[in-house]
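Survey of secondary and tertiary structure
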Amino acid sequence: MVALIVILGVGVPVAGWWLTRRPRPAGTSDRGHGEIDRWLAARFGLGWRDRSQVLDSVLAGRAVSSPALETAARGLAAEVMAGRFRTLRVARAVGWLQLVTGPACMAFGVVALIGARQDGERAVGVFAVLNGALMSCGGVYRTFQNQRIRRGAEQILRSGRNAAGPAR
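Please read these numbers as outputs of a predicted model, since none were measured by experiment.

What follows is about the overall build of the chain. When its secondary structure is counted, the chain shows 6 helices and 0 strands. Taken from the N to the C terminus, the helices and strands of the chain come in the order α-α-α-α-α-α. Among the 168 residues that make up the chain, the fraction classed as buried is 26%. Considering only contacts in the chain between residues 6 or more positions apart, those separated by 24 or more positions represent 59%.

This is the structure:
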């Protein structure tokens, strides 16, 4: 039983890491890209290099290096601020869910530790506290990341308005 847990505990993360780190074949279509990449390709006809520049620009809140990509960056920033991408909405919801369930899991672990009579019950309590702490840390990270993305999109939109000149 312990060997199975060790194999799953080590094998699954290693397999996941290996599958996500493999480079994409050169001649593949854009089907494997996320919804933001697909939206940029469909709306502005951008290649993968231009899409990555626009996405990095919007997420970081800095101007794109090419003036030809400014329209795409402003369009993407407006879509991000409007909350039209499911990926970003789900990431925000997962962050909040982790912020709520993390402390609840830690509270369960503390209660389990207080009422523990055997070593197995103590182990469950310790794992619950550790799991809750990790969930809370993940929730804080996701929340800050989502705020950073929104601030970046805001900066792109604000810089676009300022670049047009003052209104008369």
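Right, let's talk about the nonpolar core for a bit. Counting residues in hydrophobic clusters, the biggest one holds 19 residues, and the most contacted among them are Leu40, Val54, Val58, Leu76, Val80 and Phe85. It is helix H4 (residues 70-82) that provides the largest number of residues to this core, a total of 5 residues. Sequence-distant contacts of Leu76, that is, excluding residues within four places in its chain, are made with Ile36, Trp39, Leu40, Val54, Leu55, Val58 and Phe85.

Our next topic: helix H3 (residues 48-60). Helix length check: H3, at 13 residues, gives a terminal C-alpha distance of 18 Å against a target of 18 Å (1.5 Å per residue), a fit within 8%. Gly61 sits one or two positions beyond H3 and adopts a positive phi of about 80°.

To describe a pair of aromatic rings, one takes the distance between the centres and the angle between the planes. Scanning the entire structure with this criterion turns up 2 aromatic pairs. Between the aromatic rings of Trp39 and Phe44, the centroid separation amounts to 5.7 Å while the plane-to-plane angle is 75°, which identifies the pairing as edge-to-face. Overall, Phe44 belongs to the partly exposed group, its relative accessible area being 27%. Among the aromatic residues, those joined into a cluster by ring pairs are Trp39, Phe44 and Phe85.

Moving on to the confidence of the model for the chain. Per-chain confidence: the chain averages 83 in pLDDT, with 86% of residues scoring 70 or above. Long-range and interchain partners of residues 164-168, a stretch whose pLDDT sits below 50, account for 0 contacts in this model, where long-range means more than four residues apart.

A word on the packing of helix H2 (residues 35-44) against H4. Each pair of packed helices gets described by two things: the angle between the helix axes and the distance between those axes. At a closest axis distance of 11 Å, the pairing of H2 and H4 adopts a crossing angle of 130°. When the axes of H2 and H4 are compared, the pair comes out oblique. For the element pair H2 and H4, the recorded crossing hand is right-handed. Contacts from Ile36, Trp39, Leu40 and Phe44 in H2 reach Thr71, Ala72, Gly75, Leu76 and Glu79 in H4. Partitioning the contact of H2 with H4 into residue classes produces 6 nonpolar, 2 polar and 1 charged.

Rules used in this analysis
Counting from 1, residues in each chain are numbered in the order their sequence is written. In keeping with the model being predicted, local features are shown solely for residues with a pLDDT of at least 70 and side-chain atom pairs are shown and tallied solely at 80 or more, while totals for entire chains, interfaces and linings include all residues. Where side-chain values are given, they derive from all heavy atoms of the structure, hydrogens and water being excluded. For the purposes of this entry, the term helix denotes a DSSP run of H or I that reaches at least four residues, the term strand denotes a run of E that reaches at least two, and both are numbered from the N terminus. Only protein chains enter the accessibility calculation, which uses a 1.4 Å probe; a residue whose area is less than 20% of its type maximum is buried, one above 50% is exposed, and one in between is partly exposed. We call two residues contacting when some pair of their heavy atoms lies within 4.5 Å. The criterion is simple. A nonpolar core is a set of buried Ala, Val, Leu, Ile, Met, Phe, Trp, Tyr and Cys residues joined through side-chain atoms within 4.5 Å. To estimate how far a helix should extend, the number of its residues minus one is multiplied by 1.5 Å. Aromatic rings from Phe, Tyr and Trp, with only the six-membered ring used for Trp, were paired whenever their centres fell within 6.5 Å, and each pair was classed as stacked if the ring planes differed by under 30 degrees, edge-to-face if by over 60, and tilted otherwise. For every residue, the pLDDT score states the predictor's confidence, bounded by 0 at the bottom and 100 at the top. Helix axes use the C-alpha atoms of the stretch in contact, all axes being lines fitted to C-alpha atoms, and the angles between their N-to-C directions lie in the range 0 to 180 degrees. Comment on the angle field: the value is read as roughly parallel under 35 degrees, roughly antiparallel over 145, roughly perpendicular from 65 to 115, and oblique elsewhere. For a crossing to be left-handed, the near helix must be turned anticlockwise from the far one by less than a right angle; the clockwise case is right-handed. Amino acids are sorted into nonpolar (Ala, Val, Leu, Ile, Met, Phe, Trp, Tyr, Cys and Pro), charged (Asp, Glu, Lys and Arg) and polar (every other residue, Gly among them).

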